[in-house]
Structure formats: structure tokens, C-alpha cells
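Read off the chains here:
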Amino acid sequence: DAGITQSPRHKVTETGTPVTLRCHQTENHRYMYWYRQDPGHGLRLIHYSYGVKDTDKGEVSDGYSVSRSKTEDFLLTLESATSSQTSVYFCAISERTGIGSPLHFGNGTRLTVT
Amino acid sequence: AQSVSQHNHHVILSEAASLELGCNYSYGGTVNLFWYVQYPGQHLQLLLKYFSGDPLVKGIKGFEAEFIKSKFSFNLRKPSVQWSDTAEYFCAVNARDTNAGKSTFGDGTTLTVKP
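Here is what the cut-offs are and how they apply
Residues numbered from 1 in each chain as written. Chains lettered and ligands numbered in written order. Predicted model: local features only at pLDDT ≥ 70, side-chain atom pairs only at ≥ 80, totals over all residues. Heavy atoms only, no water. Disulfide = S-S within 2.5 Å. Helix = DSSP H or I, 4+ residues; strand = E, 2+ residues; numbered from the N terminus. Buried < 20%, exposed > 50% of the residue type's maximum accessible area, 1.4 Å probe, protein only. 1 Å grid on protein atoms, 1.4 Å probe; cavity = no way out; pocket = protein on both sides within 12 Å on 5 of 7 lines; lining within 4 Å. Points joined across faces, edges and corners; volume = space filled by probe spheres on them. Nonpolar A, V, L, I, M, F, W, Y, C, P; charged D, E, K, R; others polar. Salt bridge = Lys/Arg side-chain N within 4 Å of Asp/Glu carboxyl O. Contact = heavy atoms within 4.5 Å. Buried area = accessible area lost by both parts, 1.4 Å probe. Polar contact = N/O pair within 3.5 Å; in protein donor to acceptor, adjacent residues only side chain to side chain.

Quick look at the state of the cysteines
Cysteine pairs can be covalently joined through their sulfur atoms, and such a bond is termed a disulfide.
Residues and elements named next belong to chain B.
Okay, step 1: Within the structure shown, the criterion is met by 2 disulfides over all chains.
Okay, step 2: Shown here is the disulfide that connects Cys23 with Cys91, its sulfur atoms set 1.9 Å apart. Linking Cys23 and Cys91, the disulfide has an S-S dihedral of approximately -65 degrees and is accordingly described as left-handed. Linking Cys23 in strand E4 (residues 23-26) with Cys91 in strand E10 (residues 87-95), this pair joins segments that are 68 residues apart in sequence. Of the two residues examined, Cys23 and Cys91, each falls in the buried class.

Here you go:
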């Protein structure tokens, strides 16, 4: 398995509080992604990064921000958590784009917003 | 933007039955295609991928998929399923002509194999 660590693995937080999820990789891959997984919706891209300090929005970016100050770390912040952000969050990495580079996933963070 | 449609939300089979899961995508350019599997309580893992060449690709654990360009399809098959194949299966596509490698996923198909 690719060296991807997500922390925390589980978190319960209250509505309105900020939350930061961390993804750490040891593969030195350029591309990193945050997805959320919800029943019936598959995985939806929140934000992604194509290099240090280079990030862009995915399809469900409202209420989320990201930062990437080092190649190995990609942080996802929920600025003011809402119950609709209760989900399982997966970080993924990719070595390159173009031909055939798959995603490698972390073990996920289960976030519950009460 | 690309999109992916998986036709079966939940499939129930007995062991040794044959499996085919449908996947269609929508995108006008060249794509890379993937199937991922998620076993209960685990993260997604790559089953197989297609990016060029032989449209019939083989993956791990006896799975294969066929890319039919004219139908924008990439169906997953396995001739004889096992109880251990119980999992959720996701089809995904990314557009080769972008520089970010963003993958779009289908909603997933839950496969239950009865022993």
C-alpha cells in the first residue's frame, strides 16, 4: 500500500466549530486530492493540489479550504462545520497525470458533526 | 466535464455466478478508465485500469473489463464470483487532456455474494 496517513481516523465535532483533517504521504507524489464519500453519491472531489501551494476547487468545495505547504502534507479545513459535512473523507495521491496513473487512497477519516 | 453512470446500485449473487457491472461515462475527449474496489471498512483499492491498447484489460483477483469506445462503456466482469468479492465497486474516469488528473467516480455498486 502507498504510504498515506490520514489523521484523525475518527472525529466528532459540534456544528459551527472549525475542523482540520490531515493527509500525510511518504511517496513524494505531486498530486493530492480530498474526496468525501456519502451513501448513494460515490466519491466527490472537494479540492485537489498539483504542487506545493498550488490548489484548486473540486465539485463540492463550498465550506472547505485546503493548504499544501509541503509536498507531503495536504490539509483540509472545514471552516465552520455543519451537519451536512458529516461524511467519510478520503485523501488520495497520484504520481502523475496523463496516461493511466491511478489514485492511491488513505484509510479515511470518519467525521460526525452534531 | 466528465460524468460516470453505474447502472446497478446493488447486486446479489450466489457463489460461482458470473458478474457483470455496467459503467458508462460521458466525455468528449480521451480518457483513462478505472475500476476500484472497497471492501467493508477499508479504503478504495485499484482493481484495474485502461488507458490505451487492448480494450480488454485484466486486473487483480480474476476481474476484467472491456472498453467499448463507441458505447462509452467500461463494464467490469468476473466469470465466477466468490464470497470474498463482497464489496462496493466504483467506476472512475479522468480526462487525459487536463493537467490535474481529477477522477470522477460513479455512485458505486454494492455486490453481495451469498455463500
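Section: the layout of surface pockets
Okay, step 1: Space inside the largest pocket adds up to approximately 440 Å³.
Okay, step 2: Looking at the largest pocket, it is lined by 27 residues, and the ones nearest its centre are Gln37, Val88, Phe90 and Arg110 of chain A together with Gln38 of chain B.
Okay, step 3: When residues of the lining of the largest pocket are traced back to their parent elements, those giving at least two are strand E4 (31-38), strand E9 (87-94) and strand E11 (109-113) of chain A together with E10 of chain B.
Okay, step 4: Partitioned by chemical class, the residues of the lining of the largest pocket number 8 nonpolar, 14 polar and 5 charged.
Okay, step 5: By volume, the second largest pocket amounts to about 280 Å³.
Okay, step 6: What lines the second largest pocket is a set of 15 residues, among which Leu45 and Glu59 of chain A together with Gln2, Ser103 and Thr104 of chain B lie closest to the centre.

Section: the pattern of salt bridges
Pairing between side chains becomes possible if they bear opposite charge and their charged atoms approach one another.
Okay, step 1: Enumeration according to the criterion identifies 8 salt bridges over all chains in this entry.
Okay, step 2: Across the salt bridge formed by Arg36 of chain A and Asp38 of chain A, the nearest N and O atoms sit 2.8 Å from each other.
Okay, step 3: With a relative accessible area of 10%, Asp38 of chain A lands in the buried category.
Okay, step 4: In this structure, the salt-bridge partner of Lys58 of chain B is Glu64 of chain B, at a minimum N-O distance of 2.9 Å.

What to know about the interface of chain A and chain B
Okay, step 1: Taken together, the contact pairs 22 residues of chain A with 23 residues of chain B.
Okay, step 2: Buried surface at the junction of chain A and chain B, both sides included, amounts to about 1,900 Å², of which 57% is carbon and sulfur.
Okay, step 3: Put simply, chain A and chain B have 0 salt bridges between them.
Okay, step 4: Summed over the shared surface of chain A and chain B, the result is 4 residue pairs in polar contact (both at pLDDT 80 or more).

Keep in mind that these numbers describe shape and distance, not what the molecule does.
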